[in-house]
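Results of the structural survey
The residues making up each chain are set out below.
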Amino acid sequence: MRSEIAADANCARACLRLRVLTCYFFSLLHKSCMALLSILRYPDPRLHKLAMPVTDFDERLKQLVADMAETMYKAPGIGLAATQVDVHEQVIVIDTSDTRDQLRVLINPLIIWTSDDRQVYEEGCLSVPGIYDGVERPTQVRVRSYSLDGSVHEFEAEGLLAVCVQHEMDHLKGKVFVEYLSPLKRNRIKSKLQKEEREMKKERQVSAH
Ligand code: K1U
Ligand code: ZN
């Protein structure tokens with residue numbers, strides 16, 4: 001009787017170990033399947049390319065979305081458009097939640113309604129690091145887009161989500177938020193980022209030797 005209880009306990013421990021190992025294995029597999037993508041920096045001309053509609057809802061698209069989500073969370077950002085990672089297709093990932101666990105995937109998004117009232121929000125952009133400035137946009141929008149499985153869905157957004165959706169949809173049209181600012185501000189930002197780019201290039205050359 002005692003040996004049977006001991007055998008059961010050993011079996012339970014072995015099962016638990018196996019479950020832990022399996023979870024660890026799959027988490028490694030999951031991580032190894034995702035990749036951090038490099039984000040284009042303003043004034044890179046590729047940020048002004050027009051994104052094409054997605055036609056194939058396949059494994060390649062799922063992988064792109066997984067990589068974009070990982071890149072957005074790591075940056076960290078609250079949104080990312082495929083244009084910013086040099087993929088010129090109509091794909092957006094967004095997560096404006098505080099808990100960072102409510103990923104939205106928008107494929108071929110379309111704004112089908114905007115409110116008349118407008119708000120100014122201090123925007124930032126992962127492609128324009130360190131720069132924040134006010135942009136005026138409609139306060140609420142209604143969006144129609146596709147999910148990863150190819151189904152259509154509609155939702156209404158307001159507040160930060162509405163700002164983020166419009167900002168990311170601009171990226172798909174090749175527009176960066178600094179283009180809403182005055183030419184003077186935009187040129188200052190451009191010069192600052194070009195200077196930073198030259199300095200980073202020099203540092204990379206030095207550390208390569
Ligand atoms: O580059 C991007 O398109 C992402 C961008 C989205 C955005 C931010 C603010 C207003 C409109 C659109 C960013 O995520 S910039 C980083 C940022 O604002 C942020 C990052 C972490 C937590 C909270 C905000
Ligand atoms: Zn942006």
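In what follows, the structure referred to is the one given above.
What you are looking at is a predicted structure, and each value in this text was computed from that prediction instead of being measured. (Residues numbered from 1 in each chain as written. Chains lettered and ligands numbered in written order. Predicted model: local features only at pLDDT ≥ 70, side-chain atom pairs only at ≥ 80, totals over all residues. Heavy atoms only, no water.)

Overview of the coordination of the zinc ion (ligand 2)
Donor atoms from the polypeptide that coordinate the zinc ion (ligand 2) comprise C125 (SG), H167 (NE2) and H171 (NE2), at 2.0 to 2.3 Å from the metal. The sequence pattern describing where the donors of the zinc ion (ligand 2) fall on their chain is C-x41-H-x3-H. Separated by 42 residues along the polypeptide, C125 in the loop between β4 (118-123) and β5 (133-138) and H167 in helix α3 (residues 159-172) bring together distant segments of the chain. With respect to class, C125 is no different from H167; both count as buried. (Donors = N, O, S within 2.8 Å, 3.2 Å for Na, K, Ca; no water. Helix = DSSP H or I, 4+ residues; strand = E, 2+ residues; numbered from the N terminus. Buried < 20%, exposed > 50% of the residue type's maximum accessible area, 1.4 Å probe, protein only.)

Examining unusual backbone geometry
Residue P43 follows Y42 across a cis peptide bond; omega there is 10 degrees. The omega torsion across A75 and P76 is -10 degrees, close enough to zero to call that bond cis. Positionally, P76 belongs in the loop between α2 (59-74) and β1 (79-81). Backbone geometry places R100, a non-glycine residue, at a positive phi of 60 degrees.

Comments concerning the pattern of salt bridges
What the rule picks out here adds up to 15 salt bridges. As a salt-bridge pair, D133 and K185 come within 2.9 Å of each other at their nearest N and O atoms. In this pair, D133 is assigned in strand β5 and K185 in helix α4 (residues 183-208), connecting sequence segments 52 residues apart. According to the relative accessible area criterion, K185 is partly exposed, its value standing at 38%. Overlapping salt bridges bring together R41, K192, E196 and E197 as one network. (Salt bridge = Lys/Arg side-chain N within 4 Å of Asp/Glu carboxyl O.)

Overview of the site of ligand 1
Surveying the vicinity of ligand 1 reveals 13 residues, the closest of which are I78, G79, Q84, L126 and E168. Within the contact set of ligand 1, an oxygen atom lies 2.7 Å away from a backbone nitrogen or oxygen of I78. Here Q84 contributes a side-chain N or O atom positioned 2.8 Å from an oxygen atom of ligand 1. When each cavity is represented as a set of grid points, ligand 1 is found to reside in the largest pocket. Residue contributions to the shell around ligand 1 peak at four residues, all from α3. (Near = heavy atom within 4 Å. Polar contact = N/O pair within 3.5 Å; in protein donor to acceptor, adjacent residues only side chain to side chain. 1 Å grid on protein atoms, 1.4 Å probe; cavity = no way out; pocket = protein on both sides within 12 Å on 5 of 7 lines; lining within 4 Å. Sits in = over half its atoms within 2 Å of the grid points.)

Observations concerning the side chain of D44
Topologically, D44 is positioned in the loop between α1 (2-32) and α2. Reaching out from D44, the side chain makes a polar contact with the side chain of R46 at a distance of 2.8 Å.

Things to note about the pairing of strand β7 (residues 152-158)
When strand β6 (residues 140-146) meets β7, the two strands line up antiparallel, connected through seven bridges. When the sheet's bridge partners are listed, R142 is paired in β7 with E156. Counting the residues in the hairpin turn of β6 and β7 gives five residues, including G150, whose phi is positive at 90 degrees. (Pairing = 2+ DSSP bridges.)

A look at the layout of surface pockets
What the largest pocket holds in volume is close to 360 Å³. Looking at the largest pocket, it is lined by 21 residues, and the ones nearest its centre are I78, G124, C125, L126 and Y132. Broken down by secondary-structure element, the contributors of at least two residues to the lining of the largest pocket are β4 and α3. Among the elements that take part in the lining of the largest pocket, α3 stands out by supplying five residues, more than any other. Classifying every residue of the lining of the largest pocket by side-chain character gives 12 nonpolar, six polar and three charged. (Points joined across faces, edges and corners; volume = space filled by probe spheres on them. Nonpolar A, V, L, I, M, F, W, Y, C, P; charged D, E, K, R; others polar.)

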